[in-house]
Amino acid sequence: MVSRVIPVDPFDLVIFGATGDLARRKILPGLYRRFVAGQIPEGSAIIGAARTQMEAAAFRAQVRDVIAEFVDPAKHHPDQIEGFLALIDYVAIDARGTTGWASLKALVTPGRVHAFYFSVAPGLFGDLAERLHAHDIAGDQARIVVEKPFGRDLATARALNATLAEHFDEHQIYRIDHYLGKETVQNLMAVRFANILFEPLWNAQYIDHVQITVAETVGVAGRGAYYDRSGAMRDMVQNHMMQLLCLIAMEPPYHFDPDAVRDEKLKVIRALDPVDPQDIVRGQYLGVSGKGCAPQPGYLADAENPGSRTESYIAMKVHVANWRWKGTPFYLRTGKRLRARTSEIAITFKEPPHSIFDDAGDWRENVLVIRLQPNEGMNLKVMIKEPGPGGMRLVQVPLDMSFAEALGDDGADIPDAYERLIMDVIRGNQTLFMRGDEVEAAWAWTDPIIAGWEARGDRPQPYDAGSSGPEDALMLMHRDGRRWREIRE
Ligand code: BG6
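Owing to the predicted nature of the structure, the values given are computational and were not obtained by experimental measurement. (Residues numbered from 1 in each chain as written. Predicted model: local features only at pLDDT ≥ 70, side-chain atom pairs only at ≥ 80, totals over all residues. Heavy atoms only, no water.)

## So, the pattern of salt bridges
The condition that has to hold: Any Lys or Arg side-chain nitrogen found within 4 Å of a carboxyl oxygen on Asp or Glu counts as a salt bridge. Only runs of H or I of at least four residues qualify as helices and only runs of E of at least two qualify as strands under DSSP, and these elements are numbered from the N terminus. Throughout, exposure labels follow a simple rule: accessible area from a 1.4 Å probe, protein chains only, divided by the maximum for the residue type, with under 20% read as buried, over 50% as exposed, and the rest as partly exposed.
Counted according to the given criterion, the structure contains 36 salt bridges. When the shortest N-O distance is used, the salt bridge between R33 and D416 registers 3.6 Å. Highlighted residues: R33 in helix 1 (residues 21–36) and D416 in the loop between helix 11 (403–406) and helix 12 (417–427), separated in sequence by 383 residues. Taking the shortest distance from any N to any O, the salt bridge between R34 and E419 comes out at 3.0 Å. Taken as a pair, R34 in helix 1 and E419 in helix 12 lie far apart in primary sequence, 385 residues in all. You'll find R34 and E419 in the same group, each marked buried.

Structure representation (structure tokens):
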């Protein structure tokens with residue numbers, strides 16, 4: 001199935017930090033794929049802006065290399081590369097000074113959509129916003145795109161929101177959480193609100209508990225300096241996992257409209273109970289000594305901080321205190337260097353109120369698993385009769401659906417999160433972006449949790465690289481008579 005291409009008018013996209021890692025790995029390759037898909041109209045301009053002095057031709061050469069390195073070879077389309085490079089320009093700019101701003105102004109075309117992607121250190125967001133205005137570059141149709149981390153606590157997030165608000169209206173600010181651009185994350189809303197099947201059961205009366213897992217195999221080497229100041233709570237829970245939780249727990253919005261959706265998510269965040277310290281397990285991965293395999297450094301070495309108390313793993317039990325969810329816990333866990341790279345949401349339903357089958361085999365709960373990655377899809381575990389003449393024996397079977405297979409392709413046409421989100425910016429659709437109050441509410445919930453473990457001087461527990469995380473995380477579930485799902489691809 002070929003994705004539908006929604007046409008847009010020619011636009012200008014300025015990427016601040018155009019020579020940085022995110023631009024190279026995600027933004028520029030994503031734009032190229034959208035160009036090949038016919039979504040970037042002729043006459044548009046993609047303007048790289050960074051500190052490095054270089055000619056536009058040199059930047060174009062870099063973009064050519066980026067395509068070679070980061071775009072799937074099957075999608076290189078060599079015949080299209082020159083056309084894409086023709087849209088590319090470059091300006092050397094000083095975010096805190098005056099250099100380059102007049103040249104940038106000369107490059108953007110008045111009267112069209114201008115998107116300014118701040119792919120730079122958050123400390124520069126305010127400077128960029130201010131200069132775009134001072135130099136009269138950002139017109140009515142201007143949008144700014146800001147990356148995470150959006151602050152590191154409530155105070156810094158508020159300050160950042162206030163700074164941006166001095167120069168841009170909320171409807172012009174696109175705060176990226178790339179999880180919201182993932183196909184399956186959006187599918188959560190489709191599954192819930194485009195089917196009658198699940199919503200009547202979607203509450204504490206029928207759902208025993210929810211597990212949200214984002215497990216990674218990578219460590220933090222190479223970005224230890226950033227990560228050690230964040231930890232899993234700030235890096236993953238406050239944003240990505242919170243968004244997943246919101247999409248599962250929110251009430252149906254009255255319309256699929258940016259504010260209607262974000263209003264409902266905000267209500268969920270505000271309804272979160274403070275978390276009991278006993279319901280939190282933090283961990284740090286250990287190194288691998290290298291007997292029979294390649295040695296690998298542990299977290300402390302990767303973070304280059306031997307005394308670090310920052311967590312590379314966190315598991316927690318969270319309660320949404322409202323009518324729908326009272327009594328149904330949400331268990332969240334995420335970590336680095338775990339057994340497999342897998343992200344999923346598992347909804348475990350309660351037992352039927354009465355069993356009519358005696359001694360009928362191994363009864364198990366219905367579980368709806370929504371796989372975010374890899375192999376995006378859904379799996380609903382249901383009980384059926386074991387085939388054969390052996391009487392009424394029950395057995396659990398999966399109703400398994402891979403989205404790519406179900407839609408008749410190998411996923412080749414599914415745009416990645418960044419591509420989709422950038423095109424949403426151009427179209428002016430904020431549904432999949434975080435609103436300022438949402439981000440602040442998430443920090444307001446997160447701050448006391450972090451302050452709590454800092455005040456207690458808690459140390460994360462060590463866990464083996466390649467494992468499922470610290471032992472105590474298992475206990476978090478066992479105590480409640482439940483079990484984590486296995487982490488595997
Ligand atoms: C980023 C985090 O936001 O998300 C990283 O900073 C993490 O630490 C990444 O690895 C995970 O994203 P994905 O799309 O690979 O699941």
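## What about a nonpolar patch on the surface?
Let me state the cut-off plainly: Two joining distances apply to patches: 9 Å for like charges and 5 Å for nonpolar side chains (Val, Leu, Ile, Met, Phe, Trp, Tyr), and every residue must have over 30% relative accessible area and no salt bridge. Each accessible area is a Shrake-Rupley result for a 1.4 Å probe, and residues are judged covered by the shown protein chains and nothing else.
Together, I356, F357 and M392 line one region of the surface with nonpolar side chains, adding up to about 300 Å² of accessible area. With relative accessibility at 62%, the residue I356 sits in the exposed group.

## Examining the side chain of Q430
Heads up, the condition is: Polar contact is the term for a pair of N or O atoms within 3.5 Å; when the atoms are in protein, one must be able to donate a hydrogen and the other to accept it, and sequence-neighboring residues count only if both atoms are side-chain atoms. Whether two residues are in contact is decided by their heavy atoms, any of which lying within 4.5 Å being enough.
With respect to the secondary-structure elements, Q430 resides in the loop between helix 12 and helix 13 (436–456). Side chain to side chain, Q430 and R262 meet in a polar contact 3.3 Å long. Filtering out sequence-adjacent residues up to four positions away, Q430 remains in contact with E170, H171, Q172, I173, Y174, P258 and R262.

## Notes on the packing of helix 7 (residues 183–193) against helix 8 (residues 224–249)
Applied cut-off: Every angle, taken between N-to-C directions, lies between 0 and 180 degrees, and every axis is a line fitted to C-alpha atoms, over only the stretch in contact when it is a helix. Angles are sorted into four bins: roughly parallel if under 35 degrees, roughly antiparallel if over 145, roughly perpendicular if 65 to 115, and oblique for all others. For this scheme, ten residues count as nonpolar: Ala, Val, Leu, Ile, Met, Phe, Trp, Tyr, Cys and Pro. Four count as charged, namely Asp, Glu, Lys and Arg, and the remainder, Gly too, count as polar.
One can describe the packing of helix 7 onto helix 8 by two numbers: an axis separation of 9 Å at closest approach and a directional angle of 10°. With respect to helix 8, the axis of helix 7 lies roughly parallel. Contacts from V185, L188, M189 and R192 in helix 7 reach L244, L247, I248 and A249 in helix 8. For the contact of helix 7 with helix 8, the per-class residue count stands at 7 nonpolar, no polar and 1 charged.

## Things to note about the side chain of R435
In this structure, R435 sits in the loop between helix 12 and helix 13. Side chain to side chain, R435 and D437 meet in a polar contact 2.9 Å long. Not counting the four nearest positions on each side in its chain, R435 is found in contact with E170, R175, D259, R262, D263 and L266.

## What to know about the site of the ligand
Where we set the bar: When at least one non-hydrogen atom of a residue lies within 4 Å of a molecule or strand, that residue is treated as near it.
As a structural note, the neighbourhood of the ligand is formed by K148, H178, Y179, K182, E216, R223, D235, M236, H240, K336, R341 and Q373. K182 is positioned such that a nitrogen or oxygen atom in its side chain is 2.6 Å from an oxygen atom of the ligand. In the model, an oxygen atom of the ligand is placed 3.0 Å from a nitrogen or oxygen of the R341 side chain. When the ligand is considered free in solution it has 400 Å² of accessible area, and contact with the protein chains removes 81% of it.

## Some remarks on the pairing of strand 8 (residues 280–285)
Convention followed: Strand pairing follows a simple DSSP-based rule, namely that at least 2 bridges must link the two strands.
In terms of burial, strand 8 is largely enclosed, as 6 of its 6 residues are buried. Neither face of strand 8 is open: one carries I280, R282 and Q284, the other V281, G283 and Y285, and all of them are buried. Alignment of strand 8 against strand 9 (residues 313–318), held across 4 bridges, turns out to be antiparallel. Bridging across to strand 9, V281 finds its partner in A315.

## Topic: the sheet that holds strand 6 (residues 173–175)
Read from one edge to the other, the open sheet built from 6 strands follows the order 3-2-1-4-5-6, with strand pairing classed as parallel. Either end of the sheet is taken by a strand with one partner, and the two such strands are strand 3 (88–92) and strand 6. Averaged over all pairs of adjacent strands, the angle between their axes in this sheet comes to 20°, without regard to strand direction. Here 5 bridges tie strand 1 (residues 12–16) to strand 4 (residues 114–118), and the two strands are oriented parallel to one another. Each residue of the ladder has a partner; that of F16, found in strand 4, is F118.

## Comments concerning the packing of helix 8 against helix 13
The following threshold applies: Should the near helix be turned anticlockwise from the far one by less than a right angle, the crossing is termed left-handed; should it be turned clockwise, right-handed.
In the contact formed by helix 8 and helix 13, the axes pass within 10 Å of each other and the chain directions differ by 140°. Taken together, the axes of helix 8 and helix 13 lie oblique to each other. Classified by chirality, the crossing of helix 13 by helix 8 is right-handed. Between helix 8, through M233, R234, V237, Q238, M242 and Q243, and helix 13, the contact on the second element is made entirely by E438, V439, A442, W443, W445, T446, I449, I450 and W453. Classifying every residue of the contact of helix 8 with helix 13 gives 10 nonpolar, 3 polar and 2 charged.

Purely geometric stuff here, so don't read any function into it on its own.
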